[in-house]
Amino acid sequence: MNIREFYREDSRRQASTEVPFGDGWTDQHDIHSTYRLSWVADTREIYSVREPHPGGILARYLDQLRVDQADIDELRVEVLAVADREAVEAALAGWPAVMEEHNSLRWARHQLTSLSSAGAAS
């Protein structure tokens, strides 16, 4: 789903406080995109948003200047886990250093996997 659909799907997301967990995550299978991670307080979801950079990773800096930004339909969302903020922070401890590494989104998904299982059991 795109970011607009994500927020429309659950009205709690629209007004909720969000905690950012970086915007430079990478996926080796999607080299022309970066991902940002955020945790939504009211739903307890941590999600990623795919931000495509058709001009390559250097185009990311143009995006920050609001030049040639991606269409909203291209901002794809994936809910990675549902958990309390403390559990997410513990699972992603050290994330600022890891985010800069190649294929860092894989690490984040792996770290959050156990939270999804625990969240489903609660």
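Everything quoted here is computed from the prediction, not taken from an experiment.

## Quick word on the nonpolar core
Burial of nonpolar side chains together is a common tendency in soluble globular proteins.
Here is step 1 of the chain: Among the nonpolar cores identified, the biggest contains 19 residues, and F21, W25, L37, I46, V88, L92 and L112 are the most heavily contacted of them.
Here is step 2 of the chain: Going through the elements one at a time, β2 (33-40), β4 (76-82), α4 (85-91), α5 (95-99) and α6 (104-121) are the ones with two or more residues in this core.
Here is step 3 of the chain: Of the residues forming this core, the biggest block, four residues, is contributed by α6.
Here is step 4 of the chain: Those residues in contact with F21 that lie beyond four places of it in its chain are L37, S38, W39, I46, V88, E89, L92 and W95.

## A closer look at the packing of aromatic side chains
Here is step 1 of the chain: Counting across every chain of the model gives five aromatic pairs.
Here is step 2 of the chain: Pairing F6 with Y7 gives two aromatic rings, centres 5.2 Å apart and planes at 75 degrees, and the pair type is edge-to-face.
Here is step 3 of the chain: Residue F6 is classed as buried on the basis of its relative accessible area of 0%.
Here is step 4 of the chain: Ring centres of W25 and W107 lie 6.2 Å apart, and the angle between their planes is 5 degrees; on these two criteria the pair is classed as stacked. Taken together, the residues span a long stretch of sequence, with W25 in the loop between β1 (18-20) and β2 and W107 in helix α6 at a distance of 82 residues.

## Regarding the sheet that holds β2
Here is step 1 of the chain: One open sheet accounts for four strands, arranged β1-β2-β3-β4; its pairing is antiparallel. Each having just a single partner strand, β1 and β4 make up the two edges of the open sheet. Strand-to-strand twist of the sheet, defined as the mean angle between neighbouring strand axes without regard to direction, takes the value 30 degrees.
Here is step 2 of the chain: In terms of strand pairing, β1 meets β2 through three bridges, oriented antiparallel. Paired with P20 across the bridge in β2 is S38.

## Some details on the environment of A70
Here is step 1 of the chain: By the secondary structure assignment, A70 is in the loop between α3 (59-64) and β4.
Here is step 2 of the chain: Overall, A70 belongs to the partly exposed group, its relative accessible area being 26%.
Here is step 3 of the chain: Distance from A70 to P52, taken between C-alpha atoms, is 6.5 Å for residues 18 residues apart in sequence.
Here is step 4 of the chain: If we skip the residues at most four places from it in the chain, A70 touches P52 and L75.

The rules behind these values
Residues numbered from 1 in each chain as written. Predicted model: local features only at pLDDT ≥ 70, side-chain atom pairs only at ≥ 80, totals over all residues. Heavy atoms only, no water. Core = buried A, V, L, I, M, F, W, Y, C linked by side-chain atoms within 4.5 Å. Buried < 20%, exposed > 50% of the residue type's maximum accessible area, 1.4 Å probe, protein only. Helix = DSSP H or I, 4+ residues; strand = E, 2+ residues; numbered from the N terminus. Contact = heavy atoms within 4.5 Å. Phe/Tyr/Trp six-rings, centres within 6.5 Å; stacked < 30°, edge-to-face > 60°. Pairing = 2+ DSSP bridges. Axes fitted to C-alpha atoms, helices over the stretch in contact; angles between N-to-C directions.

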